Amino acid sequence: MEEDNASRKKQFARKGQAYYDGDHDIKDYRLFYYNDDGELVEDKTRSNVKIAHPFFTELVDQAVQYILSGEDGFVRTDDPALQNELDKYFNRNEDFIAELSEALTGCQAKGFEYMFAYRNKEDMLSFMCADSVGVVEVREKDTDDGCAYVIYWCIDRIDKGEKTIKRIQVWDSEKVCYYVQSDEGEITPDESEKINPKPHVTYQKKGDKAIYYKDFGIIPFFRLDNNKKQFSSLKTVKDLIDDYDLMASSLSNNLIDFDTPIHVVKGFQGDDLGELQQNLKTKKIIGVDEDGGVEVHTVDVPYQAREAKLNLDEKNIYRFGMGLNTAGLKDTNATTNIAIKSAYSLLDLKCSKLEIKLKQMLRKLVKLVINEINEKKKTAYQASQVCFEFGHEVMSNEQENAQIALSNAQEQQTRINTLLSLAAQLDNETLMKNICDVLDINYEEIKDKLPDPDEADKNLSKAQNILDGVKADDEGTEGGAPEPAE
């Protein structure tokens, strides 16, 4: 645990999480100067504003919501019965969506994150996000691909006197051992656990006091990598965010330090400068002699260069962070759908790469779920029957969409009118096929439901004869209403 905690990968993971939480390096910014003795000392008299701008938080949240924005879910199969079962575990399971969102957030912020499998009280396989900072993969040999153990630790609570209680779990493919550590003291078995070591799953049957055991056969921790090197997405934009924080904070310091005007006083009649300063603050009046006077000087802060640098940094943060800069989409009425899609291009590219890694992890989760479904339902489903499709919701120009829909409707009506005008030259089947093509209707599905043209003509002629008879009876009847026609 100590070696893993000191590794470069975990150090940068903690830095990525800190930036996601808004704890930037600017928070530790200090000002120094050389005194008369040539010593470097901290300047505590000047303004030292420390403003953190959470661009990284926005970039991460944008990607997570973009990936999970589809309405119909992302775990798909052609088998309706299997799809219904999978929806219970994934697509319609709000707990899973919430945990997956946490895993995607941690994956981008820290470089990698874990999903942990367990059985809930309803004896249903469930998944939970595990903080990657507290997960240690242990291999028997450094060259091994798979890990023999997984150590998972977390801070359970902080007692009085700032004493931390750390819970530690050591997992293998069959069981888990529980330990506890107070501060940095000795690691001892956790006495609060009745069964230690304990199999992955323990359960009791109704009316039976016996405890039954079961294991997953694998270590139930599944890693989601942000990239091959497991680096945080912060790596590409950290320097730009730090520069933006520094430029904005320095501008605020300049405005604060040079906000007070400088008073140049000639011929001051008073005892000392303290009296002058007091008169300026309270009475707003000072006394001078015949040749005296007061000049007020202000300093113009050169903010234009900093403002240009801030705008450039912001543009590059979204560019190299591959995010959506909504500042360019303020007036959506004047922005075409093509421009909006272009603004989404970098975000779409980043999420497409992340979805490749996400599908690899989801495939492992689906295998566990398929095994459970087969065991409970006595079926023989295969994990190969399942695929993953992510639908993305993109904002659009509603006015342009309405104009396109109106244009399409007018085009459709024109085509139908043209076909109807040619009805006398076309047979009924050809006419209906072309109309179905225009209306996007499958002709083969409705052709048996269409009326017979000859029968329709006979019915029309019969109806016309009845109407003619009713009209004749009405004209020959006097003083009363005609008998109703059958």
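Figured I'd write up the structure that's included with this text. Note that this is a predicted model, so its numbers are computed, not measured. Position labels on residues start from 1 in each chain and follow its written sequence. Given that this is a predicted model, residues contribute local features only at a pLDDT of at least 70 and side-chain atom pairs are listed and counted only at 80 or more, while totals for whole chains, interfaces and linings are drawn from all residues. Only hydrogens and water are removed before side-chain values are computed, so all heavy atoms of the structure are retained for them.

**A look at the sheet that holds strand β14 (residues 221–225)**
Inclusion rule: At least two DSSP bridges between two strands are required for those strands to pair. The secondary structure listing takes helices from DSSP runs of H or I that are at least 4 residues long and strands from runs of E that are at least 2 residues long, numbered from the N terminus. Lines fitted to the C-alpha atoms define the axes, with helices restricted to the stretch that makes contact. Angles between their N-to-C directions range from 0 to 180 degrees. Contact between two residues is taken to exist if any of their heavy atoms lie within 4.5 Å; hydrogens are not considered.
On the basis of which strands lie adjacent, the open sheet formed by three strands has the order β5-β4-β14 and antiparallel pairing. Here the strands that pair on one side only, and so sit at the sheet edges, are β5 (125–130) and β14. Put simply, the sheet's adjacent strands are angled 30° from each other on average, direction ignored. Two strands pair when backbone bridges link them, and strand β4 (residues 112–119) and β5 are joined in this way by six bridges, in the antiparallel orientation. Pairing of M115 across the sheet is with C129, part of β5. Sitting on the sheet, helix α10 (residues 345–377) is in contact with β4, β5 and β14, with an inclination near 160° to β14.

**A word on the packing of aromatic side chains**
Defined as follows: For this analysis, a ring pair means two rings from Phe, Tyr or Trp (six-membered ring only for Trp) whose centres lie within 6.5 Å, classed as stacked if their planes differ by under 30 degrees, edge-to-face if by over 60, and tilted for the remaining angles. A simple rule labels every residue: compare its accessible area, found with a 1.4 Å probe on the protein chains alone, to the largest value its type can have, and call it buried under 20%, exposed over 50%, or partly exposed in between. Remark: a charge is flagged as sitting over a ring if the NZ atom of Lys or the CZ atom of Arg is within 6 Å of the ring centre and within 35 degrees of the ring normal.
A complete count under the given rule lists 15 aromatic pairs for this structure. Relative to F231, the ring of F12 has its centre 6.0 Å away and its plane inclined at 80°; by these criteria the two rings are edge-to-face. Of this pair, F12 sits in helix α2 (residues 8–20) while F231 sits in the loop between β14 and α6 (238–257), and the two are 219 residues apart along the sequence. Exposure remark for F231: the relative accessible area of 19% places this residue in the buried category. Where F90 meets F127, the ring centres are 6.4 Å apart and the plane angle is 15°; that geometry is what we call stacked. Of this pair, F90 sits in the loop between α4 (80–89) and α5 (94–110) while F127 sits in strand β5, and the two are 37 residues apart along the sequence. The buried category is assigned to F90, whose relative accessible area is 0%. Judged by relative accessible area, F127 falls into the buried class, the value being 5%. An aromatic cluster of at least three residues, connected via ring pairs, comprises F116, Y118, Y152, W171 and F221. Its end group placed over the ring of F112, K9 keeps NZ or CZ at 4.8 Å from the ring centre.

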